[in-house]
Amino acid sequence: MARFPKNFLWGGAIAANQAEGAYNEDGRGLVQTDVTTGGNVHTPRYTTYIGKDGKPGKVPSMGHTGKIPEGAEFAILDDYHYPNHQAVDFYHRYKEDIKLFAEMGYSVFRLSISWARIFPNGDDLEPNQAGLDFYRSVFEECRKYGIEPLVSIWHFDTPLSLESRYGGWTNRKLVDFYVRYAETIFKEYKGLVKYWITFNEINNTIMFLDLFDEDLTDADYQEAYQHLHHQFLASAKAVALGHEIDANYQFGNMICGITFYPGSSDPSDILENLHKWEQNIYYCSDVQAKGRYGSYAKRLWKEHNVVLEMAEDDLEILAKGKVDMYTFSYYMSTVVTTHAVEDKVYGNFSIGAKNPYLTYSEWGWAQDPTGLQYYLEKIYDRYEIPIMIVENGLGALDTVEEDGAIHDQYRIDYHRAHINAMADAIADGVDLIAYTTWGCIDIVSAGTGEMRKRYGFIYVDMDDEGKGTLARTPKDSFYWYQKVIASNGEDVE
Ligand code: P53
């Protein structure tokens, strides 16, 4: 028996703001990462601004939602390095990079379109032709090698101008701006693209809320849930419209898929764990895959006195915009407990207590392939639609040997274990159709802004200060993945 179906899609994934660079070229508008500094595992990234008083300042960017003070303006300051400005220059090197992806044997390549390349201010009435041309050329390059593009419409990169002038996603007006942008690209790339993802890791807004701030008020929750409601509407409207524009279009939601385990058999831990799944995973995917808010949503809102502002036909819009496939990222599992935690995980996005049965990466992320199998089986049972794993990888420090080789056996081991877990889930009945590893090529880390936190199978000569030639070198994992793909997942040794 083959471990993977015949048409299984193998490939890798990147995001525009972490790979492209060229942040101010060809009419592109700014996004939040352009005013976000580099950090590391101990120091957060900062969003920089000029205050009302004319003085420069910074606030921790907290993933993607850093708020600057009233009256301040986002600003690029002279004293800081902004790693996303240049990133790894995919904007100018995409032909060379896609050729390498083809050499690995990719049948799918996940990338995102930068909204601010198409609509620099977000609310422009006409798209920027240079932006449209760029992605057309990228997709044509993929097609040349028989690679299917898998396109995220939004990957944490709302045009900055929509943040400063409208206050971002808490403003309902963004729904229409997003839909205009989506309609433009659906029409433009008809015949070139088949697979779309509406919002990358949409659940981060609620999942990471209580991770960064201990003094949260009900107003913070109100804002987060309202923000999500608007993104759900935008996603549902885009899906319905996309299906009209091209009946072949397939849409995925995108969930940051973390597997939650109860810390003990204490029933209160079991219940708390269920509630974490509801708040952090199901809340978003029920709306996007079932077309309605789950029954527990009322409890979540009540906990923080949230009253969602909804228009009359909102629930109908959500019901009509169900996604065709469940797409998610998977890096780690985490432990939920109601008891005092002695051994805490320190990683920037790892949450909760340390799991004594697992090993942790240098950035504190739990390595747990069984958690991936668990997630796949649980989610497939709930939604019964095709599943894509659209991110999975190990952020690690790589060493370049004197002869230029990069022996990243740890990365190979990580992926082998996760691919075996996928095969086990498929054997158990899960309809898994694609796997795109995170960072087919080294790119800027979203969480820390580092280059040294590398995920790629292709090394990029660039350091945290922005020094390097940007030259590309295949790592050992490159040749290993080539073998995996050529054997359709049979040969993972
Ligand atoms: P970095 C948090 C937790 C898990 C995945 O992350 C996350 C995040 C938010 O950063 O993000 C996804 O680069 C995300 C990618 C990101 C990747 O995971 O912080 O979709 O943009 O690069 C890895 O190590």
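The notes below deal with the structure included here. These numbers were taken from a predicted model, which means no experiment stands behind them.

Scoring rules and cut-offs
Residues numbered from 1 in each chain as written. Predicted model: local features only at pLDDT ≥ 70, side-chain atom pairs only at ≥ 80, totals over all residues. Heavy atoms only, no water. Axes fitted to C-alpha atoms, helices over the stretch in contact; angles between N-to-C directions. Helix = DSSP H or I, 4+ residues; strand = E, 2+ residues; numbered from the N terminus. Parallel < 35°, antiparallel > 145°, perpendicular 65-115°, else oblique. Left-handed = near helix turned anticlockwise from the far one by under 90°. Contact = heavy atoms within 4.5 Å. Nonpolar A, V, L, I, M, F, W, Y, C, P; charged D, E, K, R; others polar. Pairing = 2+ DSSP bridges. Buried < 20%, exposed > 50% of the residue type's maximum accessible area, 1.4 Å probe, protein only. Arc of directions from axis to C-beta.

1. Considerations on the packing of helix α6 (residues 173–188) against helix α9 (residues 218–245)
Relative placement of two packed helices is described by the angle separating their axes and the distance separating the axes.
Moving on, step 1. In contact at an axis separation of 9 Å, α6 and α9 are set at 25° when each is read in the N-to-C sense. Here α9 runs roughly parallel to α6, going by the angle between their axes. Handedness of the α6/α9 crossing: right-handed. Only H230, L233, A234, S235, K237, A238, L241, G242 and I245 of α9 make contact with α6, whose side of the interface consists of V175, D176, Y178, V179, A182, E183, F186 and K187.
Moving on, step 2. Residue classes in the contact of α6 with α9 are distributed as ten nonpolar, three polar and four charged.

2. Let's talk about the sheet that holds strand β3 (residues 56–60)
Moving on, step 1. What the three strands build is an open sheet, ordered β3-β2-β4; its pairing is antiparallel. At either margin of the open sheet sits one strand with a lone partner, and together these are β3 and β4 (73–74).

3. Section: helix α15 (residues 476–486)
Moving on, step 1. Regarding α15, the residues found buried are S477, F478, W480, Y481, V484 and I485. Looking straight down α15, one finds that the buried residues subtend no more than 165° of arc, so they occupy a single side.
Moving on, step 2. Residues of α15 that are buried make contact with β1 (9–13), α2 (90–104), α14 (409–427), β14 (432–438), β15 (458–460) and β16 (472–474).
Moving on, step 3. In the stretch just after α15, N488 is the one whose phi turns positive, near 50°.

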